[in-house]
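A look at the structure
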Amino acid sequence: MLTELGGKGGCLCEPARKGELRCPLIVRPTSEDVVTGHLFGVLKAINPRWWLPDLLNQALGEERFRRQVFRDLRIELWEKQRRYPRQHLNWSEGATEVDVVITWENPKTTVFIEMKYGSQLSATTIHNNGSTGFPSDQLIRNARVGLRENGWFQEDVLFNEEHRDFVLILLTPTTGNPLVQKYRDSSQLKEAIPDSERLNELPKLPFIGELGYRDVINILKQQRRWFSKPERTLIDDLERYLQLKLSQLGKTNGNGH
C-alpha cells in the first residue's frame, strides 16, 4: 500500500517490454488482487467489533449483525473451495477460489466476498459459457458454491451438515450491479441454480449484497474514534489508498481504456 501511495509501483525494463522476461513482482495499478491484499491486510489487523457488522449491514441494507466479540474469527484470502459435484451440473467445473472468506462461530457464519477493481464480474466461467440454460456469471457461481459449503443443499448422505449462516458480498469501486439485485430475489436465485429443489431453505434474506470503496472509507471514518492510535494510522493510510485507487480508475475510464 505504501509502495503505491509513494508512487513506487515500479516499471518494466526493456526485456520485459519485449516479452523476453517476466516480472511478476511489479505492482500493477490495475490489479484487484493487490487491492484485496492491502484492504484486508489492514482489516485483519484492526478490531473487527468496530467494522465487521457495519460492513455487513451496509452491504445487505439491513441491521442483521450486531456488535460483538467474534469467536474464532478467520479472514482468509484466495481460499479454494471443494469441487462442486459433477452430478449436479450440466458441465464440468473446477474448484472455485473465493477472494475473501470470513468465518466465525457465534453463531456459525461464513461470508464470501468477491472483489473487483478495474474489471466487471465475469459473465462466463471456465467450462460454462451460458449455453446450458443456467447463468454462468461469477456471482451465481459463488452463491451456489457458498450455499453448498455451508450446508444449505440436501446432499446424498445419511446425515446432512449443520447449516452455517451465509452471506455473499460483491465489493467494487462503485455499487449498482444489476446481478446483485437479481439474485437477492429468492425465486430468481433458485432459477439460476441447477437442481435447486435440493435447496429446502435459504439463509435469512437478503444474504447477497454489495459494497463500494467509499462505503468502506465512510464506515472506518465513522468508527475511527474507537480504534487505538496504531489502528488509526492503518485506517488513515487505507483511506488514502482507496481514494487513490478510485482516482486512478477514474483516469483510466476517462482515457477510454
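A few points on the structure.

Rules behind the numbers
Residues numbered from 1 in each chain as written. Predicted model: local features only at pLDDT ≥ 70, side-chain atom pairs only at ≥ 80, totals over all residues. Heavy atoms only, no water. Salt bridge = Lys/Arg side-chain N within 4 Å of Asp/Glu carboxyl O. Helix = DSSP H or I, 4+ residues; strand = E, 2+ residues; numbered from the N terminus. Buried < 20%, exposed > 50% of the residue type's maximum accessible area, 1.4 Å probe, protein only. Contact = heavy atoms within 4.5 Å. Phe/Tyr/Trp six-rings, centres within 6.5 Å; stacked < 30°, edge-to-face > 60°. Lys NZ or Arg CZ within 6 Å of the ring centre and 35° of its normal.

The subject of this paragraph is the pattern of salt bridges. Applying the stated criterion across every chain yields a total of 15 salt bridges. A salt bridge links D72 to R71, with the shortest nitrogen-to-oxygen separation between them at 3.9 Å. Between E79 and R74 there is a salt bridge, and its shortest N-O distance comes to 3.5 Å.

A few words on the environment of G37. One can find G37 in helix α3 (residues 32–45). For G37, a relative accessible area of 26% puts it in the partly exposed group. With 63 residues separating them along the chain, G37 and V100 place their C-alpha atoms 9.6 Å apart. Beyond its immediate sequence surroundings of up to four residues, G37 is in contact with L77 and W78.

What the rule picks out here adds up to six aromatic pairs. Between W50 and W226 the ring centres are 5.0 Å apart and the planes differ by 15°, which places this aromatic pair in the stacked class. Here W50 is found in the loop between α3 and α4 (52–60), whereas its partner W226 is found in the loop between α8 (213–222) and α9 (229–254), with 176 residues between them in sequence. Site record: aromatic cluster; members linked through ring pairs are F65, F70 and W104. The ring of W50 carries the charged tip of R49 above its face, separated from the ring centre by 5.4 Å.

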